[in-house]
Amino acid sequence: MSAMTATKELSRCRIVLIAPRIDDPAKLKSLIVAATEGGDVASLILPAYDAGEAAFQNRAESLVPVAQAQGIAVMIEGDTRIAGRVGADGIHFEGRKAGLEELIEKFQGRMMIGAGGAKNRDDALELGEARPDYMFFGRFGYDNTPKPHPRNLSLGGWWAQMIELPSIVMAGNEIASVEDVAATGAEFVALSSAVFAEDADPALRVAAANALLDETAPRFEAGA
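Computed from a predicted structure; not experimentally measured. (Residues numbered from 1 in each chain as written. Predicted model: local features only at pLDDT ≥ 70, side-chain atom pairs only at ≥ 80, totals over all residues. Heavy atoms only, no water.)

Caption draft 1: Here's a closer look at the overall build of the protein. In terms of helices and strands, the protein carries nine helices and eight strands. Taken over the C-alpha trace, the protein has a radius of gyration of 16 Å; the compact-globule value for 224 residues is 17 Å, and the two agree within 12%. Viewed in the frame of its principal axes, the protein has a C-alpha envelope of about 40 × 40 × 30 Å. When the 224 residues of the protein are sorted by exposure, 53% land in the buried category. Taking as baseline every contact in the protein between residues at least 6 positions apart, the subset at least 24 positions apart corresponds to 61%. On the protein, roughly 10,100 Å² of surface is accessible, and the fraction owed to carbon and sulfur atoms is 48%. Here the protein holds 21 positive side-chain charges and 32 negative ones, and the gap between their average locations is 3 Å. (Helix = DSSP H or I, 4+ residues; strand = E, 2+ residues; numbered from the N terminus. Rg over C-alpha atoms; globule rule 2.2 N^0.38 Å. Buried < 20%, exposed > 50% of the residue type's maximum accessible area, 1.4 Å probe, protein only. Contact = heavy atoms within 4.5 Å. Areas by Shrake-Rupley, 256 points an atom, 1.4 Å probe, with all protein chains shown as cover. Lys, Arg positive; Asp, Glu negative; His and termini not counted. Charge placed at Lys NZ, Arg CZ, Asp CG, Glu CD.)

Shown next as structure tokens:
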């Protein structure tokens, strides 16, 4: 679980990978393996993408060991049973505060619990009251423009200034967009289409993102 910190040998914004929507299990696994060879990655989030339970579990069983072998924490979207069966590090939850609180009460200490789905500051503050391990600003599958969505940048910057809980902000579909996210003060930048595009080499894209963050990302104070 220590992988989801901003200070694992680094004092700047780190990469979180969002697994792409690819139905071919072998292709998806090869892309994830390649991405993990590109340098520092804090975490991998596996969205359900409307998959049935069996298909989602098979996908998770294939990807969790690959990521964890590289010291990457794996978060499963929404399904605690699958997360437990495959030995994932945590649950990514998208929903209302009551559901998040219930999840945290039941699983905190055994798994990380991250929260997403906030559309505005009020949503974010309400979810933050439950004290998840992180707040995610963005929507899976919607990183389809070169720049991050302005709302995500705005929320991420406001959150970083006001709230101590770590945040993950979704980048755009170009690697250069990690600079915009890092500039908000967010602890993590989420990448998906920028790394897993059809013509991309995931290892090279992750390496390029890390190089940009090394060069341009603000440094956090010790212990941040």
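Caption draft 2: View of helix 9 (residues 202-216). Counted at 1.5 Å a residue, the expected span for helix 9 with its 15 residues is 21 Å, and the 21 Å between its end C-alpha atoms agrees. Among the residues of helix 9, those classed as buried are Pro202, Ala203, Val206, Ala209, Asn210, Leu212 and Leu213. Where helix 9 is buried, its residues touch strand 1 (14-18), helix 1 (25-36), helix 7 (178-183), strand 8 (188-191) and helix 8 (193-196). (Expected span 1.5 Å × (residues − 1).)

Caption draft 3: Layout of unusual backbone geometry. Residue aspartate 50 is not a glycine yet carries a positive backbone phi of 65 degrees. When you line up the elements, aspartate 50 lands in the loop between strand 2 (43-46) and helix 2 (53-68). Judged by its relative accessible area of 73%, aspartate 50 is exposed. Located in the positive-phi region is arginine 131, a residue other than glycine, with phi close to 60 degrees. Within the secondary structure, arginine 131 is located in the loop between helix 5 (121-128) and strand 6 (134-137).

Caption draft 4: Structural context of the environment of alanine 209. Here alanine 209 is to be found in helix 9. Residue classification places alanine 209 among the buried positions, given a relative accessible area of 0%. Sequence separation of alanine 209 and alanine 176 is 33 residues, and the distance between their C-alpha atoms is 7.3 Å.

Caption draft 5: Representation of the nonpolar core. Of all hydrophobic cores here, the largest spans 62 residues; its most connected members are Ile15, Leu17, Leu46, Ile76 and Leu191. The leading source of residues in this core is helix 2, at six residues. In terms of nonpolar packing, the next biggest core, distinct from the first, is built from 15 residues, Val16, Tyr49, Met75 and Phe140 among them. (Core = buried A, V, L, I, M, F, W, Y, C linked by side-chain atoms within 4.5 Å.)

Caption draft 6: Structural context of the sheet that holds strand 8. Strand order in the closed barrel formed by eight strands is 1-2-3-4-5-6-7-8, and the pairing between neighbours is parallel. Along the sheet, successive strands turn relative to each other by an average axial angle of 25 degrees, direction set aside. For strand 5 (residues 112-116) and strand 6, the ladder comprises two bridges, and the chain directions are parallel. Counted as the bridge partner of glycine 114 is tyrosine 134 from strand 6. (Pairing = 2+ DSSP bridges. Axes fitted to C-alpha atoms, helices over the stretch in contact; angles between N-to-C directions.)

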